[in-house]
Amino acid sequence: MADYRDLRISVIGAGMGGLACALAFARKGFKHIDVYETASNLGFVGAGIQLAPNMVRVLDRWGCWDSIEAEATNIKSSSIREGSTNRELVHVQMPDIAEKYGYPHCTGHRASLAGGLYDGCKKEPNIKFHFSTSLTGITSFGPDKTVFTVQPRGGEPFEVETDVLLGSDGIKSAVRAALLHTLDISAEVEDTGQAAYRIMLPRSMMEHDPELLELLDADVALRWIGEKRHIVAYPISGKTIYNLSTCQPDVNFAAATNATYTTRGSKPAMLKVYADFCPVVQKMLNLVPEGEVCEWRLRSHKALPTWVLGAVALVGDACHPTLPHLSQGAAMAIEDAAVLAEVVSQAPGGGADREALSRALKTYELLRKDRTTLLVDLAASSARTLHLGEGKAKEERDRQFAAAKKKGTPIPDKWASPEVQDMIYSYDCVKEAQEKFDELYAGLVNEQNGHVDGDTNGYANGHADGITA
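Residues numbered from 1 in each chain as written. Predicted model: local features only at pLDDT ≥ 70, side-chain atom pairs only at ≥ 80, totals over all residues. Heavy atoms only, no water.

Turning next to the pattern of salt bridges. This structure, assessed with the given rule, holds 26 salt bridges. For Arg 27, the salt bridge is made with Glu 124, and the minimal N-O distance between the two is 3.9 Å. Here the residue Arg 27 occupies a position in helix 1 (residues 16-27), and Glu 124 occupies one in the loop between helix 5 (110-122) and strand 8 (127-130), the gap between them amounting to 97 residues. The partner of Glu 396 in a salt bridge is Arg 399, and the shortest N-O contact between them spans 2.7 Å. Of this pair, Glu 396 and Arg 399 both sit in helix 13 (residues 392-403), three residues apart, roughly one helical turn. When its relative accessible area of 33% is taken as the criterion, Glu 396 is described as partly exposed. (Salt bridge = Lys/Arg side-chain N within 4 Å of Asp/Glu carboxyl O. Helix = DSSP H or I, 4+ residues; strand = E, 2+ residues; numbered from the N terminus. Buried < 20%, exposed > 50% of the residue type's maximum accessible area, 1.4 Å probe, protein only.)

With that settled, the discussion passes to the side chain of Thr 146. Among the secondary structure elements, Thr 146 is positioned in strand 10 (residues 146-152). Classification of Thr 146 as buried rests on a relative accessible area of 0%. At a separation of 3.5 Å, a polar atom in the side chain of Thr 146 contacts the main-chain carbonyl oxygen of Phe 141. In this structure Thr 146 touches Ser 140, Phe 141, Val 160, Glu 161, Thr 162, Asp 163, Leu 165, Ala 311 and Val 312, once residues within four positions along its chain are discounted. (Polar contact = N/O pair within 3.5 Å; in protein donor to acceptor, adjacent residues only side chain to side chain. Contact = heavy atoms within 4.5 Å.)

Moving on: the nonpolar core. Grouped burial of nonpolar side chains is what soluble globular proteins tend to show. The biggest cluster of nonpolar side chains holds 89 residues, and the ones touching the most others in it are Leu 51, Leu 59, Trp 62, Leu 113, Leu 117, Leu 166 and Tyr 364. With ten residues, the single largest contributor to this core is helix 11 (residues 329-345). For Trp 62, the contacting residues outside a window of four places in its chain are Ala 20, Leu 23, Ala 24, Arg 27, Leu 117, Ile 334, Ala 337 and Ala 338. Membership of the second largest hydrophobic core comes to 32 residues, among which are Met 94, Tyr 101, Leu 386 and Ala 404. (Core = buried A, V, L, I, M, F, W, Y, C linked by side-chain atoms within 4.5 Å.)

The next point concerns the packing of aromatic side chains. Under the definition given, this model contains nine aromatic pairs. Residues Phe 25 and Phe 30 carry aromatic rings whose centres are separated by 4.8 Å and whose planes lie at 70° to one another, so their mutual orientation is edge-to-face. No difference in accessibility class separates Phe 25 from Phe 30, as the two residues are buried. Taken together, a centroid distance of 5.5 Å and an interplanar angle of 80° make the contact between Tyr 36 and Phe 148 edge-to-face. You can see Tyr 36 sitting in strand 2 (residues 32-36) and its partner Phe 148 sitting in strand 10, a full 112 residues away along the chain. Accessibility expressed as a relative area gives 0% for Phe 148, which makes it buried. Among the aromatic residues, ring-to-ring pairing joins Tyr 4, Phe 25 and Phe 30 into one connected group. In this structure, Arg 5 packs its charged tip against the face of Tyr 4, placed 5.9 Å from the ring centre. Looking at Arg 371, its charged tip hangs above the ring of Tyr 427, at a distance of 3.6 Å from the centre. (Phe/Tyr/Trp six-rings, centres within 6.5 Å; stacked < 30°, edge-to-face > 60°. Lys NZ or Arg CZ within 6 Å of the ring centre and 35° of its normal.)

With that out of the way, let us pick up the sheet that holds strand 7 (residues 106-109). Strand order across the open sheet formed by three strands is 3-7-4, with antiparallel pairing between neighbours. The two strands at the open ends of the sheet, each matched to only one other strand, are strand 3 (48-51) and strand 4 (73-74). Sheet topology places strand 4 next to strand 7; two bridges connect them, and they run antiparallel. Note that in strand 7 the partner of Thr 73 across the bridge is Thr 107. Packing against the sheet, helix 5 makes contact with strand 3 and strand 7, and its axis sits at approximately 85° to strand 7. (Pairing = 2+ DSSP bridges. Axes fitted to C-alpha atoms, helices over the stretch in contact; angles between N-to-C directions.)

Here the focus is helix 6 (residues 174-182). All of the buried residues in helix 6 are Val 175, Arg 176, Ala 178, Leu 179 and Leu 180. The inward-facing, buried residues of helix 6 abut strand 1 (8-12), strand 9 (133-141), strand 12 (164-167), strand 19 (308-309) and strand 20 (312-314). Two or three places before Val 175, at the start of helix 6, stands the capping residue Ser 173, its side-chain oxygen 3.3 Å from that residue's backbone nitrogen. Of the residues trailing helix 6, Asp 184 is marked for its positive phi of about 55°.

Averaged over every residue, the pLDDT of the chain is 91; the share at 70 or more is 93%. Here residues 451-463 is modelled with pLDDT under 50, and outside its nearest four sequence neighbours on either side it reaches 24 contacts, counting other chains as well. (pLDDT = per-residue confidence, 0-100.)

What follows is the structure, given as structure tokens:
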């Protein structure tokens, strides 16, 4: 019988999802893993990121959590405040997250997370990175033979034959575009109507102001909310940086004629957007140096009818991009990677049976699609609730915030709501894959043979009973 560890795994993109895929397969014993990345190096950028227990559980299995945790902040509570007045609507204590779920809820720098994954990859001799190399096309999706073409910068294009091709190339995914084109499916990237400023204030800018220093030194994640806008803030990098991420209506990108996702922002324009927010917010926004204001366009696309074709599968933002309001985007990509390595290793015949290998990839989709769709919908729903303007709906939302001061009560902000946290944080993607693989795989075999018993996708709800968007 063939050994699954001899399968050739090709990964397009070396972002969070791509690094996670490479590390997941290497840790599972696969011997031939190639990662193709357009950039000349990883050059980690970005701002803060939340590191929830469901993500940390996977990182710890891969042996790369300790280095990331060393400079992370263990969040012990969250405070949701009215943007205009700084009045606290609710304070959610989270002192027992690690006790309940086995791992803490932390905040950190995106570069720390990506760097931890990359360091893990560099320790694995079976992972090879190909930088400055772009995907130009997919000739065959398999399952019999999977062939794609890449082009090194300044070099000639060449074909690569592989056993499994993973598209972890983000919201602008070339793998997704090729897969959907082959199936004659249209799924254009969509504007969400929202944009974000991402701001990092060093301790040196805040330490002379007691009010700001108190924010930086606290183990608290803050939200200031207002009509159509909000700001999330928390300390990162060993409390040497205070991270702020905003969300507001997209004005600058909507008027643009190209498909740019990031632009150099205007400080006066940023201050104008949050002009009616409270003085402490004004102080922080005014600290941002002129010329260092960056704005991101928040984009998405409709749920895809499939993530898999032959031996090609999509990962992370390539198949389920999300708004950031639930702080689960990177976590979902990392979970995708862990589940992919698990199901491919369980494919009957060790991968020699190409149809069985393709079905194993479809099992990945069954395990992940319902859950990721739910989290994407919850993130969008939470934004709508946070951004309410004056009226009865806002009054009811604020009444619910007030009622939530009793521990364990549901909260309108889904990220901080105990029942949503429990659904997300208790989830073990690898354990579910191990427990459900045989059942879901058999359902696909029966479906192919014309004997469908119920809806196999119903098995993969990720313990989301009673949680709706």
